[in-house]
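So the chains spell out like this:
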Amino acid sequence: VGVNGTRHLTATAKNAAGEVVLVPTTSAFTWISSNPAKATVDGNGLVAGIAEGTTTITATEKESGKSAAMTVTVQLATNTGVTLQIVGEEYGFPMDVPFAAFQDGDGAWHAATRTGVGRYSGTVTNPAGRYGFAWAYTDFGTQHRIYVLYSTTGELTHLTSWRYDADSVFATATVDSNVTGLTAQEYVEVCIGTAKSPPDYPRSVVPGTHDVFATTYIGVEAQHGEEAQRMIHRRGVSITGSTTLNFDFLGGEAFNLVGPYTVTITGGSGYGDVSLFTPKLGDHAGPHLGGTGWQSSSSSFVYRGLPAHKLAAGEGYVLQIENGSAFKTVLFATPRNFTLDMSPSAPLNCSVSYGTTVPYLRPAFTWEAYDGAVLYGYDIEGNNRSLGVNFTPGWAEGRTSMTFPDFTSVAGWDAAWGIPAGATSELWGQGLVSISNRSLTDCLQAALEGQFSDGLEMTTFDQEFQELGPRTRAIKRPDISRVHPLFGRRPAQSRR
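Residues numbered from 1 in each chain as written. Predicted model: local features only at pLDDT ≥ 70, side-chain atom pairs only at ≥ 80, totals over all residues. Heavy atoms only, no water.

(A) Broad picture of the overall build of the protein chain. Tallying secondary structure elements over the protein chain gives three helices and 38 strands in all. Buried residues in the protein chain amount to 55% of all 496 residues. In the structure as shown, the protein chain presents an accessible area of about 19100 Å², 50% of it carried by carbon and sulfur atoms. (Helix = DSSP H or I, 4+ residues; strand = E, 2+ residues; numbered from the N terminus. Buried < 20%, exposed > 50% of the residue type's maximum accessible area, 1.4 Å probe, protein only. Areas by Shrake-Rupley, 256 points an atom, 1.4 Å probe, with all protein chains shown as cover.)

Structure, rendered in structure tokens:
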């Protein structure tokens, strides 16, 4: 932490099963600094740098008396550069956006500095390291998307985010598939990039080198619940133009998956899925290996894994479960049985209002702090707009509310992106908080940059705000990108 700066520390509470639980910041821990002449700490874990040197910060859980400690170093603050990288969702190509803005501390917003294709930067001089990034674009010519991130240099200095309308301009090769050697009960899905579909449904891909998976399942339609059986996996397939791939499951390429393994959901039912995690895929969730599907919830499901020698460096598995109010993601390297508690948690204490209408409708958000949180946020959708605001615990410290910024004076802002003042009848929204046993950087690198982190667990709790107009919600298949609106919430992908 810098002299005269602040850094928010979080302590994570876990239940008897070792799983992270949602606990309000103000009720769980006491905080002590061993050397308050160098840095102090308040009752919420906010460390304030006083003078150069070190101190030990200890958090003690009030009920059990158990504690944990870490050393904090106080340094003179210097200017810090932060970067934002925008990439296409499916294949990770850098992509520009028509609007990117930056805020140093609580100062005025201004255009961010473009340093390369899809890459933007800003310099933070704020003593507490506080800053903000904002970016906007219109996808598929109709949907306006505006995202805002607030953070501190002590928590995050580099962010990658998706622009998920863009890769279609690169996907100029069409791939068909012929599959033979299936049993009467088997169904097959071919996965190239994020294009997962039956073999009779052509996939548009970007010319280049791809890993290709063909996986068989038991079941008529995978979305009703699936159990993977066999796989053909080809690495480094060169696709230079439209082509047809042939897969023979009676040949030597096919191998049996190992298992089955069982995922048991306690505390209720949910929608679950296990997929292969691979850094070469855009959403990093490769072929599905088992799950409930997205049309019916269940208290358990089975999946299978790959033989250990078939996994490449950086690959593993991603388990995701959604039960309506919580979304849990677990990364793991070795297939095994799981028992996960998805008991309903206390409702989030957050709210949104739509009272600020100048120069456009600017939602105001209030929240409560939670221990173990790595990211807070809210999103608003409707009227052909998708608006996501996210902030880290360090930035939020000392605040309980915020209002969406006014960007009208920033170069590149398009007035069409603002939500019209009379659009409240067409909007809905939700507040979210994500807690994790790892840092925010670890979570973002896994979700957006494909860096596998064995044992990473993240749970996002959400609270849906009152819907202000008629709206039909579709059940969404769990997706590793859906840990926060920062990452872009994608529509469910039909596999037929």
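What follows picks up the thread again.
(B) Structural view of the pattern of salt bridges. Scanning all chains against the criterion turns up eight salt bridges. Among the salt bridges present, the one from Arg234 reaches Glu253, with a minimum N-O distance of 2.8 Å. Highlighted residues: Arg234 in strand E21 (residues 226–239) and Glu253 in the loop between strand E22 (243–248) and strand E23 (255–256), separated in sequence by 19 residues. One salt-bridge network, in which partners are shared between bridges, spans Asp106, Arg130 and Arg399. (Salt bridge = Lys/Arg side-chain N within 4 Å of Asp/Glu carboxyl O.)

(C) Region of interest: the sheet that holds strand E6 (residues 53–61). The strand order E3-E6-E7 describes an open sheet built from three strands, whose pairing is antiparallel. In the strand order of this sheet, the two ends are held by strand E3 (29–33) and strand E7 (67–74), each with one partner. Averaged over neighbouring strand pairs, the angle between their axes works out to 20° when direction is ignored. With eight bridges joining them, E6 and E7 adopt antiparallel strand pairing. Residue Thr54 lies in a different strand from E7, and its bridge partner there is Thr73. (Pairing = 2+ DSSP bridges. Axes fitted to C-alpha atoms, helices over the stretch in contact; angles between N-to-C directions.)

(D) Representation of the packing of aromatic side chains. Summed over the entire model, instances satisfying the criterion amount to 26 aromatic pairs. Consider the rings of Tyr150 and Trp395, whose centres lie 4.2 Å apart with planes at 20°: the pair is stacked. One end of the pair, Tyr150, is in strand E14 (residues 143–152); the other, Trp395, is in helix H2 (residues 393–396), and 245 residues separate them in sequence. Classification of Trp395 by relative accessible area gives buried; the value is 2%. The lysine or arginine in question, Arg399, covers the ring of Trp395, its NZ or CZ lying 4.5 Å from the ring centre. (Phe/Tyr/Trp six-rings, centres within 6.5 Å; stacked < 30°, edge-to-face > 60°. Lys NZ or Arg CZ within 6 Å of the ring centre and 35° of its normal.)

(E) Structural view of the environment of Ala364. Relative to the helices and strands, Ala364 resides in strand E32 (residues 362–366). C-alpha of Ala364 to C-alpha of Ser401: the two residues are 37 residues apart in sequence and 7.1 Å apart in space.

(F) The nonpolar core, seen in detail. Ranked by size, the top nonpolar core spans 62 residues in total, and within it Phe99, Leu289, Leu319, Val389, Phe391, Phe404 and Phe407 carry the most contacts. A per-element tally of this core places strand E34 (residues 373–382) first, with four residues. Val389 has contacts with Val148, Tyr150, Tyr376, Gly377, Tyr378, Met402 and Phe404, leaving out every residue within four places of it along the chain. Counting 32 residues, the second-largest nonpolar core is a separate cluster that includes Val97, Ala112, Tyr147 and Leu156. (Core = buried A, V, L, I, M, F, W, Y, C linked by side-chain atoms within 4.5 Å. Contact = heavy atoms within 4.5 Å.)

(G) Highlighting the pairing of strand E28 (residues 316–322). The buried count for E28 comes to seven of seven residues, which makes it a mostly enclosed element. For strand E25 (residues 271–277) and E28, the ladder comprises seven bridges, and the chain directions are antiparallel. The residue bridging Val274 from the neighbouring strand is Leu319, located in E28. With six bridges connecting them, E28 and strand E29 (residues 326–332) associate as antiparallel partners. Along E29, the bridge assignment pairs Leu319 with Val330.

(H) Region of the structure containing the side chain of Arg362. The topology assignment puts Arg362 in strand E32. Within the structure, Arg362 has its side chain in polar contact with the backbone oxygen of Phe404 (distance 2.8 Å). Beyond its immediate sequence surroundings of up to four residues, Arg362 is in contact with Thr356, Thr403, Phe404, Pro405 and Asp406. (Polar contact = N/O pair within 3.5 Å; in protein donor to acceptor, adjacent residues only side chain to side chain.)

(I) Focus on the confidence of the model for the protein chain. Chain-level statistics for the protein chain give a pLDDT mean of 78 and a share of 80% at 70 or above. Across residues 220–224, confidence stays below pLDDT 50; counting only partners more than four residues off in sequence or on other chains, it has 12 contacts. Confidence drops under a pLDDT of 50 for residues 467–496, and excluding neighbours within four residues, the segment shows 109 contacts in the predicted structure. (pLDDT = per-residue confidence, 0-100.)

(J) Looking closely at the sheet that holds strand E1 (residues 6–8). Spatially, the three strands line up as an open sheet ordered E1-E5-E4, and their pairing is antiparallel. Only two strands of the sheet have a single neighbouring strand rather than two, namely E1 and strand E4 (39–41). Sheet twist, expressed as the average angle between the axes of neighbouring strands with direction ignored, equals 20°. As judged from the three bridges shared by E1 and strand E5 (residues 46–49), these two strands associate in the antiparallel manner. Across the sheet, residue Thr6 finds its bridge partner in E5, namely Ala48.

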